[in-house]
Amino acid sequence: SGPPRRGTLEAYKALILLAAAGVKLREGKPRPSARHYGRAAAHLRAVQEQGGLETGLTITVAELLEHIGQVASVAPPRSDEPQAVFSFLLLPSCRR
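Cut-offs used in this document
Residues numbered from 1 in each chain as written. Predicted model: local features only at pLDDT ≥ 70, side-chain atom pairs only at ≥ 80, totals over all residues. Heavy atoms only, no water. Helix = DSSP H or I, 4+ residues; strand = E, 2+ residues; numbered from the N terminus. Contact = heavy atoms within 4.5 Å. Areas by Shrake-Rupley, 256 points an atom, 1.4 Å probe, with all protein chains shown as cover. Core = buried A, V, L, I, M, F, W, Y, C linked by side-chain atoms within 4.5 Å. Buried < 20%, exposed > 50% of the residue type's maximum accessible area, 1.4 Å probe, protein only. Expected span 1.5 Å × (residues − 1).

(A) Seen up close, the overall build of the chain. Counting its regular elements, the chain contains three helices and zero strands. Across the chain, helices and strands are ordered from the amino to the carboxyl terminus as α-α-α. Put simply, of all contacts in the chain between residues at least 6 apart along the chain, 65% involve residues at least 24 apart. Accessible surface for the chain amounts to roughly 6400 Å². Of this, 56% is attributable to carbon and sulfur atoms.

(B) Representation of the nonpolar core in the model. Leu 18, Tyr 37, Ala 40, Leu 44, Leu 64 and Ile 68 are the most contacted members of the largest nonpolar core, which has 18 residues in total. Secondary-structure elements contributing two or more residues to this core are α1 (6-26), α2 (30-49) and α3 (61-71). Examining the composition of this core, we find that six residues originate from one element, α1, more than from any other. Discounting residues that sit within four places of it in the chain, Leu 64 has contacts with Leu 15, Leu 18, Leu 44, Ile 59, Phe 88 and Leu 90.

(C) View of the environment of Arg 39. Topologically, Arg 39 is positioned in helix α2. Separated by 18 residues in the primary sequence, Arg 39 and Ala 21 have C-alpha atoms spaced 9.8 Å apart.

(D) Broad picture of α1. Taking 1.5 Å as the rise per residue, α1 with 21 residues should run 30 Å; its terminal C-alpha atoms sit 31 Å apart, in good agreement. Taken together, the buried positions of α1 are Gly 7, Thr 8, Glu 10, Ala 11, Ala 14, Leu 17, Leu 18, Ala 21, Gly 22 and Leu 25. Residue Gly 28 follows α1 closely and has a positive phi angle near 80 degrees.

(E) Just α2, in detail. Its 20 residues give α2 an end-to-end C-alpha distance of 28 Å, which sits within 8% of 28 Å, the value for a rise of 1.5 Å per residue. Residues of α2 that are buried include every one of Ser 33, His 36, Tyr 37, Ala 40, Ala 41, His 43, Leu 44, Ala 46 and Val 47, and no others. Among the residues trailing α2, Gly 51 stands out with phi positive, at a value near 100 degrees.

This is the structure we're talking about:
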């Protein structure tokens, strides 16, 4: 099937950075978290500029970018109990 397309690699990088941003936010480190969010958004914008990508998820690249903009301004949770950092879930799409 060949190597992954450039847009696919950019999308994977963005998802990894989103996960790292969530961890930093949970650690109470808003600046590093914001930096990761910004880098994730840049990767997703690159995906859009390359013509988009069928993510295979229940959320589109545009929707993910919108959520990143909202989450980046959220204060870190103050609890030792696990809490959701993001207001969205990344689930596999039923489409094939």
